[in-house]
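The chain contents come next:
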Number of protein chains: 2
Amino acid sequence: MTYERPGLRTMRGYTWGEQPQDSRTIKLNTNENPYPPSPQVQRALREFDVASLRRYPQPTADAFRDLVCEKHGVERDQVLATNGGDELLRLAFTTYLDAGDVYGTTEPSYSLYPVLAAIQGCREVTVPLRDDWSMADDIAAYFNTSNVKLLCLVNPHAPTGHLTATEQLARIAAEFRGVLLIDEAYVDFVDPNLHHHTVGLTREFDNVVLLRTLSKGYSLAGLRFGFAIGARNLIEPMLTKTRDSYNTDAVAQSLATAAYSDTEYARTTWERVRSERQRLSTALAARGFATPPSQTNFLLVTVPEAAGPAAELRTQLKTNGILVRHFDAPRLRDKLRITIGDSQQNDMLISVLDDIIAARNR
Amino acid sequence: MTYERPGLRTMRGYTWGEQPQDSRTIKLNTNENPYPPSPQVQRALREFDVASLRRYPQPTADAFRDLVCEKHGVERDQVLATNGGDELLRLAFTTYLDAGDVYGTTEPSYSLYPVLAAIQGCREVTVPLRDDWSMADDIAAYFNTSNVKLLCLVNPHAPTGHLTATEQLARIAAEFRGVLLIDEAYVDFVDPNLHHHTVGLTREFDNVVLLRTLSKGYSLAGLRFGFAIGARNLIEPMLTKTRDSYNTDAVAQSLATAAYSDTEYARTTWERVRSERQRLSTALAARGFATPPSQTNFLLVTVPEAAGPAAELRTQLKTNGILVRHFDAPRLRDKLRITIGDSQQNDMLISVLDDIIAARNR
């Protein structure tokens, strides 16, 4: 017999990218950082007092929150630590939306949002991005008209890599009447010359919450640690009501704090990713793959005819031990999302692509 | 401005027991195991490959699930690993209940259930326990009449320590028309001579799910690791739909697997807790504290007049560096819930109690 509530029966859960646990596969499919975490993480792990695990963790990860405050000039009650960025997204849906309420996002966008909406019984309203993946100027007005209560904008954008400037975000925040969640999972990879700073938005507006994660920028996808910086009134109900009481564990708190203390190390990985991003983008363009500018650690490339349909190319790459992501969705079907690997992985990708293209056009 | 949904505005979040992070306080307030985790946990931590953290964890903790299968003779699709037992409880509410639906429990019961119900917008129906904290025989019928869709029974019971036998649970499962969640957070501390085995219920009934946790029995409250064993049809929607995709992290999966592999060690802690439980219960009874039988790692004791009102005694103990739990709730106001500590902690508790009683009655 089925006991799940009716609204769940026909829904489909989130489809995650393949996660083979071997170390041979070249994984360019789930936007992991190709470089290991800071040596400080190793040290924190080695020094961790296992006996202390018999006790509950500090419930709100205050040591980590205080570090965020120090780095970003915010107060502790503007910060919430979460079990990965995913938990923060879930909390936003369960905190700000009742069943039947409407959330908004762009089309395309992160494929987890509609799953969370379905779980919460919410409706989705989307606005298509323009051809260059930028947002139209009137989207706040449109979402207001649609009575959207939570607007999720991933910026830099996934799966396209496009960056919306802070000024445009500020205009949206000012006009939009609901909660604006800016999902900054990839923000660490933005070119520092762009001077993209958004924390000020959380002081200026009472409806802005930023999502950050250590998964990508700090090479800790396996640890599940993210956080929110937001207006107090947005953080408070997630912190004191909807969050599981002990949502982050003691080991994760310790390792996350160690990693986030060592931004200097993390920055070296961001720089290498940006440098490889440029190199890979150029190499792909030379082979006919259209690659729009990306401020993330991935490229959304349009597969040229010579390389065959995108879904097929994905399968061929997999046969050669390289995983990339294909989305069977409007505007994305002819594209692949390719995570920036290290130089060796990127070289291998290009080499395998050359072989595939040569074989197809022989 | 307030953006949280209307249903949350007046609710209060879960009140957790105090979690001082110093090691001097004698913490008998949150039912932690007084003994450290297995040496295997230490080994797993030391051997953990930090570089692997750059990748996402195995999404469903399959190594851990397979271990559960091996120990309990169940199939993998009957097992779900969760970020602490709390996550499983939340998933049960979000998976089986729509807003407006009714969940049931006993009065008293674990104080997290009504919080989860409030978050999900559900109503609560409770049945009072009898004076000896046992359940009436007709509770399934009562909950059916009340159209309860999820019934949460904590067994052994919190905060009383009472154990309901498997046979009574089976009768309830057979008669009850919704999902029966048996919260077995404390089951490891049950006297083995009672031959209390419940996994068979998950094979016999398609509406039974068991909650287990490593927090208490495996001394890992700080790690946040729990799991469900249940009928396939109950596990499936939580596993594939309502759960966060990467709900348990790679370190926690590794340490939890190490701990759960070493039940032999854990059992030595259970035996010591049971032995101390008997000793503490006797010592408290000798001082006029009524202590009903407990099959958990805590005692719910009625504070005698000579020791003053329970809330006051709690404060006095705290002044002396000993934390215990007091619930300001019907039938519990004159009682304290005292976690079984190690022999030294229990001796200290008795000694401080003697001093307090002597001072009051001087």
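Criteria and cut-off values
- Residue numbers restart at each chain and count upward from 1, following the sequence in its written direction.
- For this description, chains carry letters from A and ligands carry numbers from 1, given in the order in which they are written.
- Thresholds applied to this predicted model are a pLDDT of at least 70 for local features of residues and 80 or more for the giving and counting of side-chain atom pairs; totals over whole chains, interfaces and linings are not thresholded and use all residues.
- Excluded from the side-chain calculation are hydrogens and water; included are all heavy atoms of the structure.
- Only DSSP runs of H or I with at least four residues qualify as helices, and only runs of E with at least two residues qualify as strands; both kinds are numbered from the N terminus onward.
- A helix is expected to span 1.5 Å for every residue after the first.
- Only protein chains enter the accessibility calculation, which uses a 1.4 Å probe. A residue is then buried if its area is under 20% of the maximum for its type, exposed if over 50%, and partly exposed in between.
- Any two strands are treated as partners once DSSP identifies two or more bridges connecting them.
- Lines are fitted to the C-alpha atoms to define the axes, a helix being fitted only along its stretch in contact, and any angle between axes, read from their N-to-C directions, falls within 0 to 180 degrees.
- By the convention used here, residues are in contact when the closest approach between their heavy atoms is within 4.5 Å.
- Only residues with pLDDT of at least 70 in both copies count here: their C-alpha atoms drive the least-squares fit that superposes the copies.
- Any Lys or Arg side-chain nitrogen located within 4 Å of an Asp or Glu carboxyl oxygen qualifies as a salt bridge.
- Each angle receives one of four descriptions, namely roughly parallel if under 35 degrees, roughly antiparallel if over 145, roughly perpendicular if within 65 to 115, and oblique otherwise.
- Crossings are classed by handedness, with left-handed meaning an anticlockwise turn of the near helix from the far one by less than a right angle and right-handed meaning a clockwise turn.
- For this classification, Asp, Glu, Lys and Arg are treated as charged, while Ala, Val, Leu, Ile, Met, Phe, Trp, Tyr, Cys and Pro are nonpolar and the rest, including Gly, are polar.
- The pLDDT value expresses, per residue, how confident the predictor is, ranging between 0 and 100.

Looking at helix 4 (residues 84–96) of chain A
The terminal C-alpha atoms of helix 4 of chain A lie 19 Å apart, and with 13 residues this matches the ideal 18 Å at 1.5 Å per residue to within 8%. A large share of helix 4 of chain A lies buried, amounting to 13 of its 13 residues.

A short note on the sheet that holds strand 2 (residues 79–82) of chain B
Residue and element names in this part refer to chain B. In space, the 7 strands of this open sheet follow the order 2-8-7-6-5-3-4, with mixed pairing throughout. The sheet is open, and its two edges are formed by strand 2 and strand 4 (123–128), each paired on a single side. Across this sheet, the average inter-strand angle for adjacent strands is 25°, counted without regard to direction. In the sheet, strand 3 (residues 102–107) pairs with strand 4 via 6 bridges, with the strands oriented parallel. Note that in strand 4 the partner of glutamate 107 across the bridge is proline 128. Its contacts with the sheet put helix 7 (residues 166–175) on strand 5 (148–154), strand 6 (179–183) and strand 7 (208–213), and the angle it makes with strand 6 is roughly 155°.

Observations regarding the relation of the copies chain B and chain A
Aligned on chain A, chain B shows an RMSD of 0.0 Å; the corresponding rotation is 180° and the shift along the axis is 0.0 Å. When the rotation and shift are considered jointly, the pair of chain copies conforms to a two-fold rotation axis. In terms of C-alpha distance to the rotation axis, chain B has arginine 46 of chain B as its closest residue, with the C-alpha 3.0 Å off the axis. Both copies share a contact surface, since 100% of the interface residues of chain B are interface residues in chain A too.

Let's talk about the pattern of salt bridges
Residue and element names in this part refer to chain A. Taken as a whole, this structure holds 40 salt bridges over all chains when the rule is applied. A salt bridge links aspartate 86 to arginine 224; the nearest nitrogen and oxygen atoms lie 3.8 Å apart. Of this pair, aspartate 86 sits in helix 4 while arginine 224 sits in the loop between strand 7 (208–213) and strand 8 (226–230), and the two are 138 residues apart along the sequence. Under the relative-accessibility criterion, aspartate 86 is labelled buried at 10%. The partner of arginine 287 in a salt bridge is aspartate 354, with the nearest N and O atoms 2.6 Å apart. Of this pair, arginine 287 sits in the loop between helix 11 (263–286) and strand 9 (298–302) while aspartate 354 sits in helix 13 (residues 343–360); the two residues are 67 residues apart in sequence, bridging distant segments of the chain.

Observations concerning the packing of helix 3 (residues 62–72) of chain A against helix 10 (residues 250–261) of chain A
Residue and element names in this part refer to chain A. Packing of helix 3 against helix 10 brings their axes to within 9 Å, and their N-to-C directions diverge by 15°. When the interaxial angle is binned, helix 3 and helix 10 end up roughly parallel. Both helix 3 and helix 10 take part in a crossing whose hand is left-handed. Together, Ala63, Phe64, Leu67, Val68, Lys71 and His72 of helix 3 and Ala256, Thr257, Tyr260 and Ser261 of helix 10 make up the contact between the two elements. Within the contact of helix 3 with helix 10, the residues separate by chemical class into 6 nonpolar, 3 polar and 1 charged.

Considering the confidence of the model for chain A
Of all residues in chain A, 100% have pLDDT values of 70 or greater, and the mean over the chain is 96. Taken over the whole predicted complex, pTM reads 0.97, whereas the ipTM for its chain interfaces reads 0.97.

Some thoughts on the sheet that holds strand 8 of chain A
Residues and elements named next belong to chain A. One open sheet holds the 7 strands; their spatial order is 2-8-7-6-5-3-4, and the pairing between them is mixed. The sheet is open, and its two borders are formed by strand 2 (79–82) and strand 4 (123–128), each paired with just one other strand. Put simply, the sheet's adjacent strands are angled 25° from each other on average, direction ignored. Pairing analysis gives 5 bridges linking strand 7 to strand 8, with the strands arranged antiparallel. Note on strand 8: the bridge partner recorded for arginine 212 is phenylalanine 227. Against the sheet, helix 5 (residues 112–120) contacts strand 3 (102–107), strand 4, strand 5 (148–154) and strand 6 (179–183), and its axis sits at roughly 165° relative to strand 3. Packing of helix 7 (residues 166–175) onto the sheet brings it into contact with strand 5, strand 6 and strand 7, and relative to strand 6 it is tilted by some 155°.

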